[in-house]
Amino acid sequence: MHAETRLHPARARFLLSGTALALALALALTLGQAPAAAQPRELPDFAEIVERVGPAVVNIRTAEKVKMAEGQAEMNEQMQEFFRRFGIPVPNQRRGAPRGGGTPDDDGPMRRGVGSGFVLSADGYVLTNAHVVQGADEVIVTLTDKRELKAKLIGADQRSDVAVVKVEATGLPVVKVGDSNKSRVGEWVMAIGSPFGLENTVTAGIISAKQRDTGDLLPLIQTDVAINPGNSGGPLVNMRGEVIGINSQIYSQNGGYMGISFAIPIADAIRVADELRAGGRVVRGYLGVLPDDITKEIAEAIGLGKPQGAVIRSVIAGSPAEKAGVEGGDVVTKVDGKTVDKAADLRRLVANVKPGAKTTLTVFRRGTTKDIVVTIGEDERSRKPGSGSESSNEPAPAASAPSAALGLKVSELTDAQRKEMKLKSGVKVDSATGAAARAGLREGDLILSVDNVEVSSVKAFQALIAKADKNKSMNLVVRREDATSFVLLKPVR
C-alpha cells in the first residue's frame, strides 16, 4: 500500500503562489518582448553618409557692387581724406585698397553673401538657390579640398528659387540624386551646408510634412533639420545618401532656426535645372485665369460634393482660357486627368505644360462636368490681367421691382454691356440691402447664375428666386469687376 502523501495547507498555498509567480513572470517576459520587437533599430549613423556626400557639397560666396547715389562717392572720399589728415584710422579701409574704400579690383564698396550648393556633374555644374546668387557680380565656389573657383551663372529662376552655376573643373565628386516623390513623412534626413559661413556643417532631423504651399510654384518639403542663413542651396539627403531636396527656406521670427525649415523637392529642381542648362531660362505654360480654393460650403451648395478643385474667379481677356471657352465660376477638377485639389495645383500643373500643347481641363459648371481642350500659351511675367468695365454710355433699361425679402434689386444688361464684358447672360445688381447685403452682394455686381442655372434675364432671375428651396442657401455665381466668385444667399422665410 502506497503511503498517502499530504501537503500542509500553508505549503500548498506556497506552491500555488510560486506557480502563479512563475506564470506571471513568463507573461511579463512575453509582454515585454512584444514592444521590444516593435522598437525601431538604433539611431542611424550619419558618418558614412557624410563621407560619401560631403565632398560634393560646396560653399558659395558672392559679391555685389553697391550702387551709390550721385555725390555719395565724392562725400565718402572727402570723409576718408578728413580721417587721414588728422591721423585717424580710416573705417573699413584695408591695406592695399584704393582710396575709394573698395578692393584693388573694385570700383566701389561691395555687398557680400554666403550660401551653399552641390555638384551635379563632374564637369563643374553646381546647383544652388536663386536667392543665393541673385544680383551677384562675382560668384566664388569653394570645394572641400579648399580650391576656390570663379563661377559663371548659367541661369536662375526666381519663381522656383533654383539656380545653376558653372566652374571650370573636371573630375569633381558629384551627388547621387534620389526620388523626392518617394520620400516619406517621418524618415530621417540630413543637411550639409555653410550656416553663417561655417563650411561643411552637418545637421539632421526628420521630414515633418510634404506638399507645403510656401513656394510660388513648387510644393516644399518641411523638416525639423537645423537650417540657418548660409545653408541655403545645400542638399537635403536621405539615409541612402541620395539628395532629395535643396534647403531653401526657414520659418523664423528672429532670423535664425526655430524648428521648421523647407526644401525644394529635387525632382522639381532637376527639371528646372535642365531647362536652365539648356536655354538659360525656364519656359512655363500659361492659361490666363485667376483661380481660388473652393470651400466646403460652396462645394455642397453647388452640388460638387467634396471641396476639391480650383474655382475660376476671373478669365483674362484674350487668354488661352477665354479662347477655349473657360468661364468665371467654372471649377477645374482635373488637368489632363491629374486631380486638382486646390488652386495651387492648377497653377503648377499648367505651368508644367509646354507652350503650344493642347491640354484637357475637366470643369464642373452649373451642376454638370465637361471637358474643355485648351491650347496652352507661354507664361510671360509682364502679362497682366485685362480690365473690364461694367459701365456703359447707353441708358440702362428700367429696373425690376425690389425684392423686399432679399433686399435685392436687379436690372437687365444691354447688348452693348454684354458684348463689352463678354457675357452670355446675367443681371446687374442696382441695390443690395438686408439678406443680400449680409451675403456680400453690393451695387454693380453681376449675377450670372442661381443654383447652377444661367440667369438670362430679370424675369428668369425672379423665377429662380421664387422657386428656390427656402430651407437651403442659394448659390449665386457673381462677377465683380474682373473677378468671379460664389456667394451663398440665404432665403428669408
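Nothing here was measured: the structure is a model prediction, and the numbers come from that model. (Residues numbered from 1 in each chain as written. Predicted model: local features only at pLDDT ≥ 70, side-chain atom pairs only at ≥ 80, totals over all residues. Heavy atoms only, no water.)

(A) How the structure looks around the nonpolar core. Of all hydrophobic cores here, the largest spans 27 residues; its most connected members are F118 and L127. Residue assignment for this core shows that the elements contributing at least two residues are α2 (47-53), β3 (125-128), β6 (162-167), β8 (188-193), β12 (242-250), β13 (261-265) and α5 (266-279). Of all the elements, α5 adds the most residues to this core, at 5 residues. In this structure, L127 is in contact with G117, F118, L120, V162, A163, V164, G233, I246, I266, A269, I270 and A273, ignoring residues within four places of it in sequence. Core analysis: the next-biggest nonpolar cluster, separate from the first, contains 22 residues, L406, L464, I465 and V478 among them. (Core = buried A, V, L, I, M, F, W, Y, C linked by side-chain atoms within 4.5 Å. Buried < 20%, exposed > 50% of the residue type's maximum accessible area, 1.4 Å probe, protein only. Helix = DSSP H or I, 4+ residues; strand = E, 2+ residues; numbered from the N terminus. Contact = heavy atoms within 4.5 Å.)

(B) Seen up close, unusual backbone geometry. Phi is positive for D161, which is not a glycine, with a value near 65°. On the secondary structure map, D161 appears in the loop between β5 (148-157) and β6. Located in the positive-phi region is N200, a residue other than glycine, with phi close to 55°. Structurally, N200 is set in the loop between β8 and β9 (201-212). Judged by its relative accessible area of 37%, N200 is partly exposed.

(C) Quick peek at the confidence of the model for the protein. Mean pLDDT over the protein: 80, with 76% of residues reaching 70 or higher. Low pLDDT, under 50, characterises residues 94-104; the predicted model gives this stretch 21 contacts beyond four residues in sequence or across chains. pLDDT under 50 marks residues 382-402. Its contacts with residues more than four places away, or in other chains, come to 39 contacts. (pLDDT = per-residue confidence, 0-100.)

(D) Expanded view of the side chain of S183. Looking at the element boundaries, S183 is found in the loop between β7 (176-177) and β8. Of note is the side chain of S183, whose polar atom sits 2.7 Å from the backbone oxygen of S180. Apart from residues no more than four positions distant in its own chain, S183 is found in contact with I207, K210 and I244. (Polar contact = N/O pair within 3.5 Å; in protein donor to acceptor, adjacent residues only side chain to side chain.)

(E) Structural view of the packing of aromatic side chains. The final tally for this structure, using the stated rule, is 1 aromatic pair. Their ring planes at 70° and their centres at 5.9 Å tell us that F46 and W188 sit as a pair that is edge-to-face. Taken together, the residues F46 in the loop between α1 (9-38) and α2 and W188 in strand β8 connect sequence positions 142 residues apart. The side chain of R277 reaches across the aromatic face of Y125, ending 3.9 Å from its centre. (Phe/Tyr/Trp six-rings, centres within 6.5 Å; stacked < 30°, edge-to-face > 60°. Lys NZ or Arg CZ within 6 Å of the ring centre and 35° of its normal.)

(F) Local environment of the pattern of salt bridges. The tally for this structure, following the rule as stated, stands at 17 salt bridges. Residues E148 and R61 are paired through a salt bridge, measuring 3.3 Å at the closest nitrogen-oxygen approach. In this pair, E148 is assigned in strand β5 and R61 in strand β1 (residues 57-65), connecting sequence segments 87 residues apart. In this structure, R147 engages D145 in a salt bridge whose closest nitrogen and oxygen atoms are separated by 2.9 Å. (Salt bridge = Lys/Arg side-chain N within 4 Å of Asp/Glu carboxyl O.)

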